[in-house]
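Each chain, letter by letter, is given below.
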Amino acid sequence: QVQLVESGGGLVQAGGSLRLSCAASGSIFSINAMAWYRQAPGKQRELVARITKGGFRNYADSVKGRFTVSRDNAKNTVYLQMNSLKPDDTAVYYCNADQFSDNFWGQGTQVTVSS
C-alpha cells in the first residue's frame, strides 16, 4: 500500500508562516489527486486544499489567499505553504492521496497558532 508521512507542523504566532510536507512511499504507481485536510477538537474534518496531478487546485474559503498547495510529482510529495496564520487554523493537518480509487491517509501533524 501507499504510506504518507506529514512533517512541518509546530507552534507559531498569529501572522506567522509554516510549510507542511507530505511524502508518499510504498506501492506507488500513479497518484492522482493529493489533498490536505484538518480537524480541530470538537469539529468535523474539513478539506483545506487539494491539487490534481495536472496541477488544478482548490481551497477552502477560509484559507483562500493565505495558503498555497503544490506538489512535486517526481518526488511524490505535496506541500502546503501557510501564511498569515490565525488561531482558527489550529488543528491536526492530514495528508490524503488517491490512487486507482483507493484513498490513503497520513498520521497527521499538529499546527498550533497562538494569539
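Relevant structure appears above.
Residues numbered from 1 in each chain as written. Predicted model: local features only at pLDDT ≥ 70, side-chain atom pairs only at ≥ 80, totals over all residues. Heavy atoms only, no water.

## Let's talk about the packing of aromatic side chains
Counted according to the given criterion, the structure contains 2 aromatic pairs. Lying across the ring of Tyr37, Arg45 places its NZ or CZ 5.3 Å from the centre. (Phe/Tyr/Trp six-rings, centres within 6.5 Å; stacked < 30°, edge-to-face > 60°. Lys NZ or Arg CZ within 6 Å of the ring centre and 35° of its normal.)

## Section: the environment of Val113
Along the chain, Val113 turns up in strand S11 (residues 109-114). Put simply, Val113 and Ser17 are 96 residues apart on the chain and 9.6 Å apart in space, counted from C-alpha to C-alpha. Once you skip the residues sitting within four places of it in the chain, Val113 turns out to touch Val12, Gln13, Ala14, Leu85, Lys86, Pro87, Asp89 and Thr90. (Helix = DSSP H or I, 4+ residues; strand = E, 2+ residues; numbered from the N terminus. Contact = heavy atoms within 4.5 Å.)

## So, the sheet that holds strand S8 (residues 77-82)
Strand order in the open sheet made by the 4 strands is S1-S3-S8-S7, with antiparallel pairing throughout. One side of each edge strand has no neighbouring strand; the edge strands of this open sheet are strand S1 (2-7) and strand S7 (67-72). Neighbour-to-neighbour, the strand axes of this sheet turn through a mean angle of 15 degrees, independent of strand direction. In this sheet, S8 lies alongside strand S3 (residues 18-26) in antiparallel orientation, the contact comprising 6 bridges. Each residue of the ladder has a partner; that of Arg19, found in S8, is Gln81. (Pairing = 2+ DSSP bridges. Axes fitted to C-alpha atoms, helices over the stretch in contact; angles between N-to-C directions.)

## Focus: the nonpolar core
If you look at the biggest cluster of nonpolar residues, it comprises 29 residues, and the most contacted ones within it are Trp36, Leu80, Met82 and Tyr93. Mapped onto this core, the elements with two or more residues apiece are S1, S3, strand S4 (34-39), strand S5 (46-51), S7, S8, strand S9 (91-99) and S11. (Core = buried A, V, L, I, M, F, W, Y, C linked by side-chain atoms within 4.5 Å. Buried < 20%, exposed > 50% of the residue type's maximum accessible area, 1.4 Å probe, protein only.)

## Remarks on the side chain of Asn96
Structurally, Asn96 can be placed in strand S9. At a separation of 3.3 Å, a polar atom in the side chain of Asn96 contacts the main-chain carbonyl oxygen of Phe104. Apart from residues lying up to four places away in sequence, Asn96 is in contact with Leu4, Ala33, Met34, Ala35, Tyr37, Asn103, Phe104 and Trp105. (Polar contact = N/O pair within 3.5 Å; in protein donor to acceptor, adjacent residues only side chain to side chain.)

## Side note on the environment of Arg45
Summarising the element assignment, Arg45 is placed in the loop between S4 and S5. It is 9.3 Å that separates the C-alpha atoms of Arg45 and Tyr93, two residues lying 48 residues apart in sequence. Each residue touching Arg45, except ones within four places of it in the same chain, is listed here: Tyr37, Arg38, Gln39 and Trp105.

## Description of the pairing of S5
Sheet analysis places S4 next to S5, joined by 5 bridges and oriented antiparallel. Within S5, the residue paired with Tyr37 across the bridge is Leu47. Hairpin connection, S4 to S5: the antiparallel pair is bridged by 6 residues, and Gly42 has positive phi, about 75 degrees. Where S5 meets strand S6 (residues 57-59), 3 bridges bridge the pair, whose relative direction is antiparallel. Counterpart to Ile51 in the pairing with S6 is Arg57. In sequence, S5 turns back onto S6 through a hairpin of 5 residues, with Gly55 there showing a positive phi of about 100 degrees.

## Some points on the pattern of salt bridges
Taken as a whole, this structure holds 4 salt bridges when the rule is applied. Asp61 serves as the salt-bridge partner of Lys64, at 3.1 Å between the closest nitrogen and oxygen. Across the salt bridge formed by Arg66 and Asp89, the nearest N and O atoms sit 2.8 Å from each other. Taken together, the positions of Arg66 in the loop between S6 and S7 and Asp89 in the loop between S8 and S9 put the pair 23 residues apart, joining distant regions of the chain. (Salt bridge = Lys/Arg side-chain N within 4 Å of Asp/Glu carboxyl O.)

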